[in-house]
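# Architecture and fold: a report
Residues per chain, in single letters:
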Amino acid sequence: MMVRAPALVRCARTARVFSGRIFLGWEEHELELVHSGKVRDLYADGDDLIMVASDRVSVYDVVLPTPIPGKGRVLTQLSLWWFGQLGGVIPNHVISGTDVPAEWAGRAIRCRRLSMLPVECIARGYLAGLGLASYQQSGAISGVRLPPGLGEGSRLPEPVFTPTTKAATGHDEPMTYAEVAALVGGSVAAELQRATLEVYRRGAELAATRGVVIADTKLEFGLLPDGTVMLADEVLTPDSSRFWAASEWQPGRPQRSLDKQFLRDWSAGLDWDRRPPGPAIPPDVVAATQARYQELYTRMTGRE
Ligand code: PZK
């Protein structure tokens with residue numbers, strides 16, 4: 001585990017309490033980095049958190065040294081759009097997509113700090129990745145038995161909830177529904193399953209009308225102090241979900257990724273063992289990847 005000094009970032013927004021009233025001011029203060037992920041960072045701002053998406057990109061789980069300009073903004077705006085679309089399914093942690101430090105404008109979200117639940121909530125509508133590996137080994141995923149004869153990229157008869165552990169280091173392991181219920185309690189487990197499947201169904205249904213297959217998605221949830229289950233993290237972005245072009249979908253083989261295929265195709269032609277450090281991305285591959293993220297955003301939201 002790498003340990004580093006807390007990164008402090010200046011934020012020109014201050015909340016002060018005088019005689020029970022809250023005053024918002026514009027004095028500079030500093031934000032403390034509380035989590036740094038592969039491609040996103042999380043800062044504390046008083047009681048709130050600010051989630052900042054970078055332009056970093058990973059292939060085969062390795063972050064490459066070259067950024068994809070605009071990626072953080074596109075994924076943040078897509079996530080905010082989905083949070084808005086899904087407000088009727090479950091409440092979420094978003095406070096504001098605009099009240100953030102100016103240097104992060106467009107690619108940061110001010111969020112409520114929640115007590116995060118230690119489960120990665122995954123819904124799958126198609127077989128890929130760890131779901132495929134588990135099915136090939138046992139015919140089931142997270143204890144859910146699937147029909148025989150499915151292959152890579154096959155559509156499942158109906159979406160399944162396939163939660164995993166949230167390992168601090170190493171790999172996430174599949175959890176059965178009973179294990180989730182033992183960990184978080186039966187009523188929270190039921191809400192996680194319901195919300196995860198409903199978010200996936202609505203997302204996949206909407207994407208289908210835009211020629212996009214969402215194969216699977218990973219969601220994170222947390223609790224308010226009163227026990228309300230809230231959707232957190234990011235929602236239905238290509239960093240948390242598999243996006244395929246419906247026109248190219250062909251079960252029985254690995255599917256082409258709508259966002260990262262240029263990166264994968266380019267990196268497959270290199271003499272690289274898929275271990276860090278990753279290779280620098282050439283300008284034409286950066287531009288093609290950038291265009292894919294932009295196109296995905298416009299296709300889904302109808303916005304430029
Ligand atoms: C929280 N992460 C994942 C790691 C990131 C994100 N609303 C919340 N309240 C408390 N904790 C979290 C959240 C959210 N979302 C999310 N870890 C903690 C994570 C690294 C970078 F941007």
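One can find the structure itself at the top, above this paragraph.
This write-up is about the structure you can find in this document. If you're wondering where the values come from, they're calculated on a predicted model, not measured in any experiment. (Residues numbered from 1 in each chain as written. Predicted model: local features only at pLDDT ≥ 70, side-chain atom pairs only at ≥ 80, totals over all residues. Heavy atoms only, no water.)

Counting 57 residues, the largest nonpolar core has L192, F221, V235 and I281 as its most contacted members. The dominant element in this core, judged by the number of residues it contributes, is helix α4 (residues 186-208), at nine residues. If sequence neighbours within four positions are ignored, L192 has contacts with L117, C121, F161, V180, V184, F221 and V229. Core analysis: the next-biggest nonpolar cluster, separate from the first, contains ten residues, C11, L31, L33 and Y43 among them. (Core = buried A, V, L, I, M, F, W, Y, C linked by side-chain atoms within 4.5 Å. Buried < 20%, exposed > 50% of the residue type's maximum accessible area, 1.4 Å probe, protein only. Helix = DSSP H or I, 4+ residues; strand = E, 2+ residues; numbered from the N terminus. Contact = heavy atoms within 4.5 Å.)

Here T66 shows up in the loop between β8 (62-63) and α1 (71-85). The buried category is assigned to T66, whose relative accessible area is 18%. Engagement of the side chain of T66 in a polar contact is seen with the backbone nitrogen of I281, the distance being 2.8 Å. Ignoring anything within four residues of it in the chain, the contact list for T66 reads V57, A280, I281 and V286. (Polar contact = N/O pair within 3.5 Å; in protein donor to acceptor, adjacent residues only side chain to side chain.)

Further remarks concern unusual backbone geometry. In the segment running from P276 into P277, the intervening peptide bond is cis, with an omega of -5°. Residue placement: P277 occurs in the loop between α5 (261-268) and α6 (283-301). With a phi close to 50°, Y60 is a non-glycine residue in the positive phi region. Mapped onto the fold, Y60 is located in the loop between β7 (58-59) and β8. The exposure class of Y60 is partly exposed, given its relative accessible area of 30%. Despite not being glycine, R274 shows a phi value in the positive range, around 65°. Take R274: it is sitting in the loop between α5 and α6.

Turning our eyes to something else, we now look at the environment of T165. On the secondary structure map, T165 appears in strand β16 (residues 164-165). Residue classification places T165 among the partly exposed residues on the basis of a relative accessible area of 26%. Considered as a pair, T165 and L231 are 66 residues apart in the sequence and their alpha carbons are 17 Å apart. Residue contacts for T165: discarding those within four places in its chain leaves E120, D172, E173 and M175.

It is worth spelling out the pairing of strand β2 (residues 14-18) at this point. Sheet analysis places β2 next to strand β3 (residues 21-25), joined by five bridges and oriented antiparallel. Counterpart to R16 in the pairing with β3 is F23. Between β2 and the antiparallel strand that follows it, β3, lie two residues; S19 among them carries a positive phi value of about 40°. (Pairing = 2+ DSSP bridges.)

Take empty space enclosed by the protein next. According to the stated counting rule, one finds two cavities of 30 Å³ or more in the structure shown. Empty space within the largest cavity amounts to approximately 110 Å³. Forming the boundary of the largest cavity are 14 residues, of which R40, A53, L75, T76 and E234 lie nearest the centre. Only β6 (48-53) and α1 provide two or more residues apiece to the lining of the largest cavity. Sorting elements by how many residues they give to the lining of the largest cavity places α1 first, with four residues. In the lining of the largest cavity, the residues fall into five nonpolar, four polar and five charged. When its volume is computed, the second largest cavity comes out at roughly 50 Å³. Together, A245, E248, R256, S257, L258, Q261 and R292 line the second largest cavity. Considering only residue class, the lining of the second largest cavity consists of two nonpolar, two polar and three charged. (1 Å grid on protein atoms, 1.4 Å probe; cavity = no way out; pocket = protein on both sides within 12 Å on 5 of 7 lines; lining within 4 Å. Points joined across faces, edges and corners; volume = space filled by probe spheres on them. Nonpolar A, V, L, I, M, F, W, Y, C, P; charged D, E, K, R; others polar.)

Turning next to a nonpolar patch on the surface. Together, V17, I22 and L24 give the surface a local cluster of nonpolar side chains, amounting to about 340 Å² of exposed area. Summarising the element assignment, I22 is placed in strand β3. According to the relative accessible area criterion, I22 is exposed, its value standing at 65%. (Patch = residues over 30% accessible without salt bridge, like charges linked within 9 Å, V, L, I, M, F, W, Y side chains within 5 Å. Areas by Shrake-Rupley, 256 points an atom, 1.4 Å probe, with all protein chains shown as cover. Salt bridge = Lys/Arg side-chain N within 4 Å of Asp/Glu carboxyl O.)

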